[in-house]
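Structural characterization, general
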2 protein chains.
Amino acid sequence: MKPSIPRGTRDFGPAEMQKRQYILNIIRKNFELFAYQPIETPAMENIGTLTGKYGDEGDQLIFKILNSRIHESKNKDVLKKEFDLSLESSRNSEELTEKALRYDLTVPFARFVVMNQHNLTFPFKRYQIQPVWRADRPQKGRYREFYQCDADVIGSNSLINELDLIALMDKSFGELNIPVVLKINNRKILAGIAETIGAPDKMIDIAVAIDKVDKIGQQGVENELKEKGFTKDQIRVLYGAILVHGGSVIYGDSLRDKNNNINSLSALVNGTEFGKNETFRKGIDELAYLFNNIEVSDSKKFRVQFDATLARGLNYYTGTIFEVKTNAGTFTPSILGGGRYDDLTGIFGLPNMSGVGISFGIDRIYDVMEELNLFPENISKTASTQLLFAHFDEVTQSHCIKLAGELRKNNISCEIYPDVTKKLGKQFDYANKKNIPFVCTVGSNEMQSGVYALKNMEKGEQQQLNLTDLIEFLKK
Amino acid sequence: MKPSIPRGTRDFGPAEMQKRQYILNIIRKNFELFAYQPIETPAMENIGTLTGKYGDEGDQLIFKILNSRIHESKNKDVLKKEFDLSLESSRNSEELTEKALRYDLTVPFARFVVMNQHNLTFPFKRYQIQPVWRADRPQKGRYREFYQCDADVIGSNSLINELDLIALMDKSFGELNIPVVLKINNRKILAGIAETIGAPDKMIDIAVAIDKVDKIGQQGVENELKEKGFTKDQIRVLYGAILVHGGSVIYGDSLRDKNNNINSLSALVNGTEFGKNETFRKGIDELAYLFNNIEVSDSKKFRVQFDATLARGLNYYTGTIFEVKTNAGTFTPSILGGGRYDDLTGIFGLPNMSGVGISFGIDRIYDVMEELNLFPENISKTASTQLLFAHFDEVTQSHCIKLAGELRKNNISCEIYPDVTKKLGKQFDYANKKNIPFVCTVGSNEMQSGVYALKNMEKGEQQQLNLTDLIEFLKK
């Protein structure tokens, strides 16, 4: 049997793990600096908790787990009968499967907040770093299992939270050294447009369609809207708001020209019929507040843009929406997404809990950093073992256990060559392959004298040291 | 809808997470000190990778995931037809489900080693900290989702690896401050017994049965063995080896009396008919080597015992087996398990790769530490935010963003009260509930003067500081 892993999933070896931990450590440190507190939720949720939050397309991508009572039956006939019974007594496959793997961290977070509402201090700021699963078609930058790193605050509708999240993004991408563009839009603008064109219940359809403009082009968006029942007139007016100046996308200028940016937002309000719609105006006002108050450390490396075509596919967003892409290299998928949801906990029985959050996609951040060569050069060296004990037989090998114990007491990472062999060359070769900088050879003479031979593998130099001096030397 | 989570799964809030991270940080630090390197594998494996490795009872507990092509069909009739077709063309439910959630980290590790054999340096030492899933009946100390923290070395049959793992356990449980008993046995002893009583192919049946002696008693073990087809005579001789001295279990004395321990092992060889069996003798020799060379830091807190009834339920063990329990409090399940497997990679096409490893059960370690009150007293304080900015309106709140940015540049964790409110009392209350030690109040006067009021929440003292002094003060 030749082993394999499921499509769209990956193994991470030591070299990849060191780089992943480098990214995660920076993000986790910043989450804590910004006072988000850690939580974890189970990989499995009840299916009812997840469905209906991600749009129809999202629902299709939820991985479902077979009920134990069915998969515990080994007999084929019993299995078939149970399945048939389940199907007859139910509308769909729910009786066959009650649990599913989480699709994101936001919905489980909302469920967590409702279940633990009496033990939490609101507004509640949490971070969460866990894998999620999606039965998506695997391709570059799209995996079936990937990590999300989320920061959310719930129980406050103040826009200060958006500003705080933008500062968090700025600091994190700055420390990762990734040049990025943060695109911002507001779902209220989309809702206002939907209201203005007489389709107030179709905001999600519009969002899902225009979110794809980068992938399927303007014509594709138009076709999708027609399929969803929009008239030619509606589409024309919709385009007036979103795609102006001969079809090109309105981009605000970068922060370096704040006034221009705000002006283009105001023009959108004053120059069109949408300006009369209250929801639309509210969206524009919220955006203007953000652009007036954003502070970023380096506006060349962290650009901020208003993008009227930004929609995000998820059902639950109601206000600000965020998306981050890098503007260097060839990597096009977004590396962060987020937004404000005014009533995600309402479905679970706790209304009036506005929240806002962002989600770092560390698997894609990894891909970007690899392409742009942004990992520190010495990343593998700093993480490796400091010293290998080489030996000649069972007796000298056992002696190394004591020596290793003393080094480890002093926080010096070390290992004993794990096989009994007289071949020193093999042991030095192992140290070389693993980038271990020092080898200490322990023979019977060294055991008796208590003085050991320490070799610097890079320089080739060798010196004689007793245990105390060896420890002092390696501590430096 | 009242939300809930699947039985046997748990949410972890900030207070629990701080304690879990405390445990994980100690174990991870020691894994790295002992030169194990991190890897991660996907949550989902192909079902064929997992089945047949955990015994019949284990196989029943594997969570299976519905194939996408089936769960993507919403139509009931299509679903039923697909399922029927699948069943007819297959012996069992494999066509319905091809992927399953990992049951432990050892089998995925073996699969990883085989797939990556050309990129790894052997002997390969890895650690892995990830959740596993088992469709077990939930009860105290038994969850359907729990973390395993594994350290394994593969590609070496030297017993030095067992000694190194024992040193790792000693250091880790010592730093966690948990008094434990490490029980050791060797599967070769069980194999030798099976050979001696004329049932060489039934070693696993014996292991599975006697592993339950703590739960179902000697009579229960006897009944189970009878059901498995063992004769009265076979059971009598089996008991002669395992349960001697009138049915009591042979425990070696603790390490404080090494000689006694080794003597009782030798007595087992010389005094019985098993001594003639080569496999049995090899098992005894390996155990004796370990007991002769074990070094522990404090033999009162880390006791080591030979336990002839220790068997572990898993199919793949072939040599040393380990189990750790605490000997304080009322918590009886094991908190660590492990052992040597001589040919786990053989099934995947890479023979002759002996490995040995251990798995810390941090969920159970958590339960033990809670019961014995072993977490540091100040654990919640050290992890919380250092400072809260209180304010009065949108303008003073926005000003806090700049101040917070300066503090965070200096690695001071802080937050801005996330709502706009004139009520200072509410903001101080929030700080109290969250254990935040300092509150800095920012009104329009403070904004103008650049001098801020800093309150020590525990002592009630207040002082006036400019930003530079504020940062210097908090850095201490």
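If you're wondering where the values come from, they're calculated on a predicted model, not measured in any experiment.

**What about the overall build of chain A?**
Scanning chain A from terminus to terminus reveals 19 helices and 18 strands. Here chain A holds 476 residues, and the buried ones make up 61% of them. Restricting to contacts in chain A with at least 6 residues of sequence separation, those with at least 24 account for 70%.

**Remarks on the pattern of salt bridges**
Within the structure shown, the criterion is met by 47 salt bridges over all chains. Where Lys 171 of chain A meets Glu 175 of chain A, a salt bridge forms, and the shortest distance between an N and an O atom there is 2.8 Å. Separated by 4 residues within a single helix, Lys 171 of chain A and Glu 175 of chain A lie in helix 7 (residues 160-176), roughly one turn from each other. In this structure Lys 171 of chain A comes out as buried when scored by relative accessible area, which is 18%. The exposure class of Glu 175 of chain A is partly exposed, given its relative accessible area of 29%. Ionic pairing is found between Lys 19 of chain B and Glu 370 of chain B, a salt bridge with its closest N-O pair at 3.1 Å.

**Some thoughts on the packing of helix 8 (residues 187-196) of chain A against helix 9 (residues 203-210) of chain A**
All names here are of chain A. Where helix 8 contacts helix 9, the axes come no closer than 9 Å and their chain directions differ by 120°. For the element pair helix 8 and helix 9, the recorded crossing hand is right-handed. Along the contact surface, helix 8 presents Arg 187, Leu 190, Ala 191 and Ala 194, while helix 9 presents Met 203, Ile 204, Ile 206, Ala 207 and Ile 210. Of the residues belonging to the contact of helix 8 with helix 9, the class tally is 8 nonpolar, no polar and 1 charged.

**Regarding the relation of the copies chain A and chain B**
Overlaying chain A with chain B gives an RMSD of 0.1 Å, the required rotation being 180° about an axis along which the chain moves by 0.0 Å. The superposition operator between the copies reduces to a two-fold rotation axis. Closest approach to the rotation axis among the C-alpha atoms of chain A is made by Ile 65 of chain A, whose C-alpha sits 2.2 Å away. When you check the interface residues of chain A against chain B, 100% turn up at the interface there too, and the contact is symmetric in its surfaces.

**A short note on the environment of Lys 171 of chain A**
Here the alpha-carbon distance between Lys 171 of chain A and Ile 412 of chain A, two residues 241 residues apart in the chain, equals 32 Å. Discounting chain neighbours no more than four positions away, the residues touching Lys 171 of chain A are Lys 29, Asn 30, Leu 33 and Phe 34 of chain A together with Arg 408 and Lys 409 of chain B.

**Remarks on unusual backbone geometry**
As a rule of thumb, non-glycine residues mostly have phi less than zero, and peptide bonds are mostly trans rather than cis. Cis geometry marks the peptide bond from Phe 122 of chain A to Pro 123 of chain A, where omega comes out at -10°. Along the chain, the position of Pro 123 of chain A falls in the loop between helix 6 (106-115) and strand 5 (124-133). Positioned with a positive phi, Asn 411 of chain B is a non-glycine residue whose angle comes to about 60°. Among the secondary structure elements, Asn 411 of chain B is positioned in the loop between helix 16 (394-409) and strand 15 (414-416). The exposed category is assigned to Asn 411 of chain B, whose relative accessible area is 51%.

**Comments concerning the sheet that holds strand 17 (residues 451-456) of chain B**
The strands making up a sheet are joined through hydrogen bonds of the backbone, oriented either antiparallel or parallel. All names here are of chain B. Taken in spatial order, the 5 strands line up as 15-14-16-17-18 in an open sheet, and their pairing is mixed. The strands lining the two open edges of the sheet, one partner per strand, are strand 15 and strand 18 (462-466). Ignoring which end each strand starts from, the neighbouring axes of this sheet average 25° apart. The sheet contact formed by strand 14 (residues 387-390) and strand 15 spans 3 bridges and is parallel. Its bridge partner lying in strand 15, Leu 388 is registered against Glu 415. Of the strands in this sheet, strand 14, strand 16 (438-441), strand 17 and strand 18 touch helix 19 (residues 467-475), which is tilted by about 120° from strand 18.

**Regarding the interface of chain A and chain B**
Each partner contributes residues to the interface: chain A has 108 residues there, and chain B has 108 residues. Summed over both sides, the interface of chain A with chain B buries roughly 9400 Å², with 60% coming from carbon and sulfur. In this structure, the connection of chain A to chain B is made through 5 salt bridges. Asp 164 of chain A is paired through a salt bridge with Arg 408 of chain B; the nearest N and O atoms lie 3.1 Å apart. Run the count over chain A and chain B and you get 30 residue pairs in polar contact (both at pLDDT 80 or more). Across the side of chain A that touches chain B, the residue classes tally to 48 nonpolar, 30 polar and 30 charged.

**Quick word on the pairing of strand 18 (residues 462-466) of chain A**
Residue and element names in this part refer to chain A. Sheet topology note: the strand 17 (residues 451-456)/strand 18 ladder contains 5 bridges and is antiparallel. In the sheet register, Tyr 452 faces strand 18, and the bridge partner there is Leu 465. The hairpin formed by strand 17 and strand 18 contains 5 residues between the paired strands, and Gly 460 there has a positive phi angle of roughly 80°.

**Things to note about the sheet that holds strand 18 of chain A**
Residues and elements named next belong to chain A. Taken together, 5 strands build an open sheet; the order of strands is 15-14-16-17-18 and the sheet is mixed. Strands at the two margins of the open sheet, each flanked by one partner only, are strand 15 (414-416) and strand 18. For this sheet, the mean inter-axis angle between neighbouring strands, taken without regard to orientation, is 25°. Helix 17 (residues 424-433) contacts strand 14 (387-390), strand 15, strand 16 (438-441) and strand 17 of the sheet and is inclined by roughly 170° relative to strand 14.

**Digging into helix 13 (residues 278-293) of chain B**
The first and last C-alpha atoms of helix 13 of chain B sit 23 Å apart over 16 residues, in line with the 22 Å expected at 1.5 Å per residue. Capping of helix 13 of chain B at its N-terminal end is provided by Asn 277 of chain B; its side-chain oxygen lies 2.9 Å from the backbone amide nitrogen of Thr 279 of chain B.

**Describing the packing of aromatic side chains**
Geometry of an aromatic ring pair is reported as the spacing of the ring centres plus the angle between the planes. This model, assessed by the stated rule, comprises 26 aromatic pairs over all chains. Summarising the aromatic geometry, the rings of Phe 112 of chain B and Phe 124 of chain B are spaced 6.5 Å apart at their centres and angled 25° between planes, so their arrangement reads as stacked. In this pair, Phe 112 of chain B is assigned in helix 6 (residues 106-115) and Phe 124 of chain B in strand 5 (residues 124-133), connecting sequence segments 12 residues apart. Overall, the relative accessible area of 2% leaves Phe 112 of chain B in the buried class. Exposure remark for Phe 124 of chain B: the relative accessible area of 4% places this residue in the buried category. Grouped by ring-pair contacts, the aromatic residues Tyr 54, Tyr 103, Tyr 316, Tyr 317 and Tyr 341 of chain A constitute a single cluster. The lysine or arginine in question, Arg 20 of chain B, covers the ring of Phe 12 of chain B, its NZ or CZ lying 3.8 Å from the ring centre. Over the ring of Phe 230 of chain B we find Lys 202 of chain B; its NZ or CZ atom is 5.0 Å from the centre of that ring.

**Notes on the state of the cysteines**
All names here are of chain A. For the coordinates displayed, the defined rule picks out 0 disulfides over all chains. The thiol sulfur of Cys 414 is not disulfide-bonded, and the nearest other cysteine sulfur, from Cys 400, lies at 9.6 Å. Residue classification places Cys 414 among the buried positions, given a relative accessible area of 0%. Distance from the sulfur of Cys 440, which forms no disulfide, to the nearest cysteine sulfur (Cys 400) is 7.3 Å.

**Let's talk about the side chain of Arg 126 of chain B**
Residue and element names in this part refer to chain B. Take Arg 126: it is sitting in strand 5. The class of Arg 126 is buried, set by a relative accessible area of 0%. A distance of 3.1 Å separates the side chain of Arg 126 from the backbone oxygen of Leu 105, its partner in a polar contact. At 2.9 Å, the side chain of Arg 126 and the side chain of Gln 128 are in polar contact. Once you skip the residues sitting within four places of it in the chain, Arg 126 turns out to touch Tyr 36, Gln 37, Ile 39, Leu 105, Thr 106, Phe 109, Asp 150, Ala 151 and Asp 152.

**What to know about the confidence of the model for chain A**
With 87% of its residues at a pLDDT of 70 or more, chain A has an overall mean of 86. Two summary scores accompany this predicted model of the complex, namely pTM at 0.90 and ipTM at 0.89.

Procedures and definitions
- Residues numbered from 1 in each chain as written.
- Chains lettered and ligands numbered in written order.
- Predicted model: local features only at pLDDT ≥ 70, side-chain atom pairs only at ≥ 80, totals over all residues.
- Heavy atoms only, no water.
- Helix = DSSP H or I, 4+ residues; strand = E, 2+ residues; numbered from the N terminus.
- Buried < 20%, exposed > 50% of the residue type's maximum accessible area, 1.4 Å probe, protein only.
- Contact = heavy atoms within 4.5 Å.
- Salt bridge = Lys/Arg side-chain N within 4 Å of Asp/Glu carboxyl O.
- Axes fitted to C-alpha atoms, helices over the stretch in contact; angles between N-to-C directions.
- Left-handed = near helix turned anticlockwise from the far one by under 90°.
- Nonpolar A, V, L, I, M, F, W, Y, C, P; charged D, E, K, R; others polar.
- Least-squares fit on C-alpha atoms with pLDDT ≥ 70 in both.
- Pairing = 2+ DSSP bridges.
- Buried area = accessible area lost by both parts, 1.4 Å probe.
- Polar contact = N/O pair within 3.5 Å; in protein donor to acceptor, adjacent residues only side chain to side chain.
- Expected span 1.5 Å × (residues − 1).
- Phe/Tyr/Trp six-rings, centres within 6.5 Å; stacked < 30°, edge-to-face > 60°.
- Lys NZ or Arg CZ within 6 Å of the ring centre and 35° of its normal.
- Disulfide = S-S within 2.5 Å.
- pLDDT = per-residue confidence, 0-100.

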